Amino acid sequence: MTKTIFQKIIDREVPSKILFEDDKCIVIEDIAPKAPTHLLVIPKKPIKKLSEVKPDDKNLLGHLMIVISEITKQLNIEDAFNIIINNGEEAGQTVFHLHIHILAGKNFSEFFPG
Ligand code: AMP
């Protein structure tokens, strides 16, 4: 099976600006940012999309949330950021390796009015 662009980044076959890495995930800068800060949190496990996660992935998914909490603090954006997961082509997913967008510096509240 051909590797996704994110698998190639994880395997260091394609360069990327990596802000954080541990044994379970990497955090990179999005190549086409949709906000002043636009990061992608990518698990190393090649799960295609959120709808394919299994109960065994519970700890991994929790870990990704902890990483988001920590990295947003490091970047001083912890008080104002959005996270997005596009699941499926019709929802805008273009890379079929699960990833969480972190967006900051732009107000998305018109899309998600409180
Ligand atoms: P999605 O549309 O949710 O699948 O998001 C895929 C994201 O990956 C988009 O925001 C792209 O800009 C981003 N992207 C694609 N190729 C790269 C790359 N080589 N390095 C960093 N981000 C990328």
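Nothing here was measured: the structure is a model prediction, and the numbers come from that model. (Residues numbered from 1 in each chain as written. Predicted model: local features only at pLDDT ≥ 70, side-chain atom pairs only at ≥ 80, totals over all residues. Heavy atoms only, no water.)

Asks: If you had to explain the site of the ligand to someone new, which residues and values would you point to?
Replies: Residues in close proximity to the ligand total 17 residues, the closest being Asp30, Asn86, Thr94, His99 and His101. Within the side chain of Asp30, a nitrogen or oxygen atom sits 2.5 Å from an oxygen atom of the ligand. Side-chain polar atom of His99 to an oxygen atom of the ligand: 2.9 Å apart, as the coordinates give it. In isolation the ligand offers 510 Å² of accessible surface; the protein chains occlude 87% of this area. For the shell around the ligand, the secondary structure elements donating two or more residues are helix 1 (5-10) and strand 2 (25-29). The element contributing the most residues to the shell around the ligand is helix 1, with three residues. By residue class, the composition of the shell around the ligand is eight nonpolar, six polar and three charged. (Near = heavy atom within 4 Å. Polar contact = N/O pair within 3.5 Å; in protein donor to acceptor, adjacent residues only side chain to side chain. Areas by Shrake-Rupley, 256 points an atom, 1.4 Å probe, with all protein chains shown as cover. Helix = DSSP H or I, 4+ residues; strand = E, 2+ residues; numbered from the N terminus. Nonpolar A, V, L, I, M, F, W, Y, C, P; charged D, E, K, R; others polar.)

Asks: Outline the sheet that holds strand 1 (residues 18-21), listing residues and values.
Replies: Pairing within the open sheet is antiparallel, and its five strands lie in the order 1-2-3-5-4. Looking at the sheet topology across the chains shown, the edges are occupied by strand 1 and strand 4 (82-84). Ignoring strand direction, the axes of neighbouring strands in this sheet form an average angle of 20 degrees. Against the sheet, helix 2 (residues 58-74) touches strand 1, strand 2, strand 3 (37-43), strand 4 and strand 5 (100-104), its axis set at about 20 degrees to strand 5. (Pairing = 2+ DSSP bridges. Axes fitted to C-alpha atoms, helices over the stretch in contact; angles between N-to-C directions. Contact = heavy atoms within 4.5 Å.)

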